[in-house]
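Examining the three-dimensional arrangement
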Amino acid sequence: MLLTDDATAHPSPWRPLDPFPMPPPHLLTGVAATAPDDVWAVGQAHGRPLAAHWDGETWSVPPGPAPSAAAIGAGLEGVAAGPTDGPGGPAATVIAVGGAYDRLLGTEVPLIRQWNGAAWEEAAAPALPGGPDTARDYVLTDVAMVGPAEAWAVGHGFGPRAPLIALRWRDGRWRMVDGPSGVHRGKLLAVCGTSPRDVWAVGAAGREGLIAHFDGTAWRRVPAPATRFPLTDVTATAPDDAWCAGGDSLLHWDGRTWAPVEVPVESVNTVTAFSSADVWVGGARGDLAHYDGRRWRRVPAPERLRDATVWRASTATDARRGGPAVWMVGSRRFGAATASAGKGVTARHGEP
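Residues numbered from 1 in each chain as written. Predicted model: local features only at pLDDT ≥ 70, side-chain atom pairs only at ≥ 80, totals over all residues. Heavy atoms only, no water.

1. Things to note about the overall build of the protein chain
- If you tally the helices and strands in the protein chain, you get 0 helices and 29 strands.
- Across the 352 residues of the protein chain, 54% fall into the buried class.
- Summarising the internal contacts of the protein chain: among those between residues at least 6 apart in sequence, 49% fall at separations of at least 24.
- In the structure as shown, the protein chain presents an accessible area of about 15500 Å², 50% of it carried by carbon and sulfur atoms. (Helix = DSSP H or I, 4+ residues; strand = E, 2+ residues; numbered from the N terminus. Buried < 20%, exposed > 50% of the residue type's maximum accessible area, 1.4 Å probe, protein only. Contact = heavy atoms within 4.5 Å. Areas by Shrake-Rupley, 256 points an atom, 1.4 Å probe, with all protein chains shown as cover.)

2. Digging into the sheet that holds strand β6 (residues 59–60)
- Taken together, the 4 strands give an open sheet; going across it, the order is β3-β4-β5-β6, and neighbouring strands pair in antiparallel fashion. Each end of this open sheet is capped by a strand with a single partner; those strands are β3 (26–35) and β6. (Pairing = 2+ DSSP bridges.)

3. Some words on the pattern of salt bridges
- All told, the structure shown has 6 salt bridges when counted by the stated rule.
- The partner of R113 in a salt bridge is E122, with the nearest N and O atoms 3.5 Å apart.
- With a relative accessible area of 8%, R113 lands in the buried category.
- E266 is the partner of R285 in a salt bridge, and the nearest nitrogen-oxygen pair spans 3.5 Å. Taken together, the positions of R285 in the loop between β24 (278–283) and β25 (288–291) and E266 in the loop between β22 (258–260) and β23 (268–275) put the pair 19 residues apart, joining distant regions of the chain. (Salt bridge = Lys/Arg side-chain N within 4 Å of Asp/Glu carboxyl O.)

4. Considering the sheet that holds strand β18 (residues 219–221)
- Here we have 4 strands laid out as an open sheet, ordered β15-β16-β17-β18, and antiparallel in their pairing. Every other strand in the sheet has two partners, leaving β15 (186–195) and β18 as the edge strands with one partner each. Taking the axes of each pair of neighbouring strands and ignoring which way they run, one obtains an average angle of 25° across the sheet. (Axes fitted to C-alpha atoms, helices over the stretch in contact; angles between N-to-C directions.)

5. Examining the packing of aromatic side chains
- Using the criterion set out here, one finds 15 aromatic pairs in the structure.
- Taking the centre distance of 5.3 Å and the plane angle of 90° together, the rings of W152 and W219 count as edge-to-face. You can see W152 sitting in strand β12 (residues 150–156) and its partner W219 sitting in strand β18, a full 67 residues away along the chain. We note that W152, like W219, is buried. (Phe/Tyr/Trp six-rings, centres within 6.5 Å; stacked < 30°, edge-to-face > 60°.)

6. Quick word on the side chain of T107
- You can see T107 is positioned in strand β9 (residues 107–115).
- Reaching out from T107, the side chain makes a polar contact with the side chain of D137 at a distance of 2.6 Å. (Polar contact = N/O pair within 3.5 Å; in protein donor to acceptor, adjacent residues only side chain to side chain.)

7. Here's the deal with the environment of A66
- The topology assignment puts A66 in the loop between β6 and β7 (71–86).
- A66 sits 56 residues away from E122 along the chain, and the two C-alpha atoms are 9.5 Å apart.

8. Observations concerning unusual backbone geometry
- Of note in this structure, H46 is not a glycine but carries a positive phi near 55°.
- Within the secondary structure layout, H46 lies in the loop between β4 (38–45) and β5 (48–54).
- Of the residues examined, H46 reaches a relative accessible area of 48% and is grouped as partly exposed.
- The backbone of D171 sits at a positive phi, close to 55°, despite the residue not being glycine.
- Along the chain, D171 turns up in the loop between β13 (164–170) and β14 (173–178).

9. Here's the deal with the confidence of the model for the protein chain
- Averaged over every residue, the pLDDT of the protein chain is 88; the share at 70 or more is 89%.
- Model confidence for the protein chain, summarised as mean pLDDT per element, is weakest for strand β1 (residues 2–3) at 38 and strongest for strand β20 (residues 241–246) at 98.
- Of the regions scoring below 50 in pLDDT, residues 1–9 engages in 25 contacts with residues more than four places distant in sequence or in other chains.
- Confidence over residues 336–341 falls short of pLDDT 50; this stretch has 9 contacts with residues more than four positions distant or in other chains. (pLDDT = per-residue confidence, 0-100.)

10. With respect to the layout of surface pockets
- Taken as a whole, the second largest pocket spans an internal volume of roughly 300 Å³.
- Looking at the second largest pocket, it is lined by 20 residues, and the ones nearest its centre are S68, V109, P110, L111 and E122.
- Class assignment of the residues belonging to the lining of the second largest pocket gives a composition of 15 nonpolar, 2 polar and 3 charged. (1 Å grid on protein atoms, 1.4 Å probe; cavity = no way out; pocket = protein on both sides within 12 Å on 5 of 7 lines; lining within 4 Å. Points joined across faces, edges and corners; volume = space filled by probe spheres on them. Nonpolar A, V, L, I, M, F, W, Y, C, P; charged D, E, K, R; others polar.)

This is the structure in structure tokens:
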């Protein structure tokens, strides 16, 4: 893979989708799309879960369940969307996950919300095995659709002996599944899949990166190059083509091994791909880069989104779903010398 460092003086091919319909402060941490006019961005606003929808022209914030009075710092960390074949024909399944601190229970609790076509509904999360019969002592960090009616959500508990959390959604129910064992101080932070038998999850084991794979039967930890930071995002286009990112590391899976890839972004937070020859990454200083199958190039963000923007999540829609486009969401850093500090930002590359 060749590397280039293009000058960023040219106009950006990315277009911001502001204004976002929420006064700051708020954070955007997840994005999913089924089409250029059906995009969801999730995060947190004023200590409450935030889920906004882009219809191709404007953002809106549809209704959702009222947050619990006992919840502190409730937020959504990840969102997934995909087609589901129902009795009335194809429809979109949208799932968002996150967590909160419950003052009455004195512990963290998971959040799962599912879209019913008109509003968000709370979904029941399973309890930890061997613990209380309510879902508690863990949070969820990401979710992915891996089939027409199947999804995975991942997360983590708390403390050195806390288990890695992997939840499977099938037959309309969420169930706890054993994650990879023997991981000390582990966290799962992101998940993706090309099918129910090819699911990837990444996160941290202590301070280093962690990669796990589900083959349809069980989760297992996969050997990978050591990284100095947790891995925060993962994407896959085929069983022999997956990418994961975090901190100063970008790794690629070729069907046999994970290998490091040099990329012109100092801190890589998110990665998404159409194919092995069409990959995008976003970083912590508004940095964006693209791989065309031969080399990486830095790509400028819209001018007003540079420097202070932290890209946190990305997704792509292809031509079969209404037109190729890449979507990035993130936030302006608090303390930045701008009136929009602490405000979520969104941008699109490609035509709807």
